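Analysis of the macromolecular model
Okay, here's what each chain looks like letter by letter:
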Amino acid sequence: MIDFGRVQKELQECSRDMAASGIKVSPKSDNLARLVGTIPGPIGTPYEGGTFQIDISLPDGYPFEPPKMQFATKVWHPNISSQSGAICLDILKDQWSPALTLKTALLSVQALLSAPEPDDPQDAVVAQQYIREHQTFLGTARYWTESFAKASSLGVEEKVQRLVEMGFAEAHVRSALEAVGGDENLALEKLCSG
Amino acid sequence: MQNKDGPQADGELEAATSNPTPDFDDWAKFGDDDIMQQQTAIRAEEAEKAPFVGDKEPLSSLAAEYQSGSPILLEKIKVLGEKYAAIRRTRGDGNCFFRSFMFSYLEHILESQDRAEVDRAKSNVEQCRKTLQSLGYADFTFEDFFALFLEQLESVLQGNGTSISQEELLLRSRDQSISDYVVMFFRFVTSGEIRKRSEFFEPFIMGLTNATVEQFCKSSVEPMGEESDHVHITALSDALGVPIRVVYLDRSSCDSAGVSVNHHDFIPAVGGLPNASGSTETVSPFITLLYRPGHYDILYSK
């Protein structure tokens, strides 16, 4: 059985110091076994300015078993699957301890955003890029942050739509937007000059 | 078996083909889940083989285990037989030291009805609580584990409404919802003590794992199933103020004077001073554990 008393206390503690940590955990419904965590992208990383949502589900053995965490927001990172959002982090597996909490686990996920470990990848494609074409990696990660992790990123699909309607191929539009970090006008310039 | 596998395999195939995106990284994700599942399976298998805490067995059962094994070990078991009468095995799940300590300690209180010892232990537990608080642990992360241990400690004393029998103690030690909580309580106490006296423990930890004190506590003390070493034993013994004797059953042999069995007494440090084991202390341990490389069981004196 999940120790719901403890989960309650964790949620209270988390909301108490949300202002300081920037980390939020809230129940998905009235069932405390499914929660959503929110972490701000760390400053000085390609994730800066983004807000990342993480789906959390608590196994029956919680807090003896680790919470299951998965990015709901798409993110470009060597240790996070770009497809599924699965996270490769030791404390979510065999290094979990009941001494940890949802908040400390989310803080570790946030720290992972700052310090990728490409030698122990979750996403082999991203990890290859991180090692071999680091500039491209940074650009892509920034673009994904712009596109998926910002409130304004809702507009990206519309930008794509508009540029496609001007007669550019969608693949070109997307790579142009990616190259300029999501700015529609710069992307248009790039498309015209290319 | 093959018939059973058939539909399952089909199901997987279906799931795979109905997935529209090419999962480059699926192998990695599957690997992790696979490992977790495998670990669960291994634990379940272990659970079938042995309870968390076994029944008391005569020492001869230990000899039987090594019948066709090393002659040194058989000799040593014979020597053990001069002092010890019985063994109680614990499950080899990485928590065996803490589990052995738990049962042995509570059984000692149950048999001795030593109220003074319980009062002393309680005040040490309060100290441990303060240690964790001062180290910045949130109360709710450890309070349930503390409460459950104190409850067990109360219940082995007779004369209050909740007192329990030897059989009940054994049942509780085998009940995961109690046993694991007490193990975790000890892990908290151990981690708190190591962090509090990090300067003392640092060189031992460096020698063991080349990790920092912080890393060591996070990766080798606080997670369930992480095995214990002399660092853990020293810290727990000091924190709770309970002396522990560990008898070593391994293949090392002393050349000339025939076979002897080594033991080491962990005598609690007094007033935060380093653990001065081997000194002329008069404290003698009432807990004796048998160590075989990688595993601890409980030993009973004659």
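Residues numbered from 1 in each chain as written. Chains lettered and ligands numbered in written order. Predicted model: local features only at pLDDT ≥ 70, side-chain atom pairs only at ≥ 80, totals over all residues. Heavy atoms only, no water.

Quick look at the confidence of the model for chain B now. Residues and elements named next belong to chain B. Chain-level statistics for chain B give a pLDDT mean of 85 and a share of 83% at 70 or above. Of the regions scoring below 50 in pLDDT, residues 1-25 engages in eleven contacts with residues more than four places distant in sequence or in other chains. Across residues 272-281, where pLDDT falls below 50, the model places 17 contacts with residues more than four positions away in sequence or in other chains. The complex prediction reports pTM at 0.82, with the ipTM value standing at 0.78. (pLDDT = per-residue confidence, 0-100. Contact = heavy atoms within 4.5 Å.)

Before going further, it helps to examine the sheet that holds strand β3 (residues 51-57) of chain A. Residue and element names in this part refer to chain A. Strands sit in the order β1-β2-β3-β4 across an open sheet of four strands; the sheet is antiparallel. Single-partner strands in this sheet number two, and they are β1 (24-27) and β4 (68-71). For this sheet, the mean inter-axis angle between neighbouring strands, taken without regard to orientation, is 25 degrees. Across four bridges, β3 lies against β4 in antiparallel orientation. Its bridge partner lying in β4, D55 is registered against Q70. Contacts from helix α3 (residues 102-114) reach β1, β2 (34-40), β3 and β4 within the one sheet, and its direction differs from that of β2 by about 45 degrees. (Pairing = 2+ DSSP bridges. Helix = DSSP H or I, 4+ residues; strand = E, 2+ residues; numbered from the N terminus. Axes fitted to C-alpha atoms, helices over the stretch in contact; angles between N-to-C directions.)

A separate point is the packing of helix α9 (residues 176-196) of chain B against helix α10 (residues 198-209) of chain B. Residue and element names in this part refer to chain B. α10 packs onto α9 with a crossing angle of 100 degrees between their chain directions and a minimal axis gap of 6 Å. Judged by the inter-axis angle, α9 sits roughly perpendicular to α10. In contact with E193, I194, R195 and K196 of α9, α10 contributes S198, F201 and I205. Among the residues making up the contact of α9 with α10, the classes are represented as three nonpolar, one polar and three charged. (Parallel < 35°, antiparallel > 145°, perpendicular 65-115°, else oblique. Nonpolar A, V, L, I, M, F, W, Y, C, P; charged D, E, K, R; others polar.)

Next up on the list: the packing of aromatic side chains. Residue and element names in this part refer to chain B. Taken as a whole and judged by the stated rule, the model has 28 aromatic pairs over all chains. Ring centres of F200 and F201 lie 4.9 Å apart, and the angle between their planes is 75 degrees; this geometry places the pair in the edge-to-face category. A residue is classified by how much of its surface remains accessible, and F200, at 22% relative accessible area, is partly exposed. Here the basic side chain of K56 rests over the ring of Y300, its NZ or CZ set 4.0 Å away from the ring centre. (Phe/Tyr/Trp six-rings, centres within 6.5 Å; stacked < 30°, edge-to-face > 60°. Buried < 20%, exposed > 50% of the residue type's maximum accessible area, 1.4 Å probe, protein only. Lys NZ or Arg CZ within 6 Å of the ring centre and 35° of its normal.)

Turning next to the sheet that holds strand β1 (residues 53-58) of chain B. Residues and elements named next belong to chain B. Pairing is mixed in the open sheet, where six strands are placed in the order β1-β2-β6-β5-β3-β4. Edge positions in the sheet fall to β1 and β4 (263-266), since each has one partner strand and no second. Across the sheet, the mean angle from the axis of one strand to that of its neighbour is 30 degrees, orientation sign disregarded. Pairing geometry for strand β3 (residues 244-248) and β4, over four bridges, is antiparallel. Residue pairing across strands places V246 opposite H264, the latter belonging to β4.

Residues and elements named next belong to chain B. Structurally, F149 can be placed in helix α7 (residues 139-155). F149 gets classed as buried once you look at its relative accessible area, which sits at 2%. Apart from the residues within four sequence positions on either side, F149 is in contact with V125, V182, F185 and F186.

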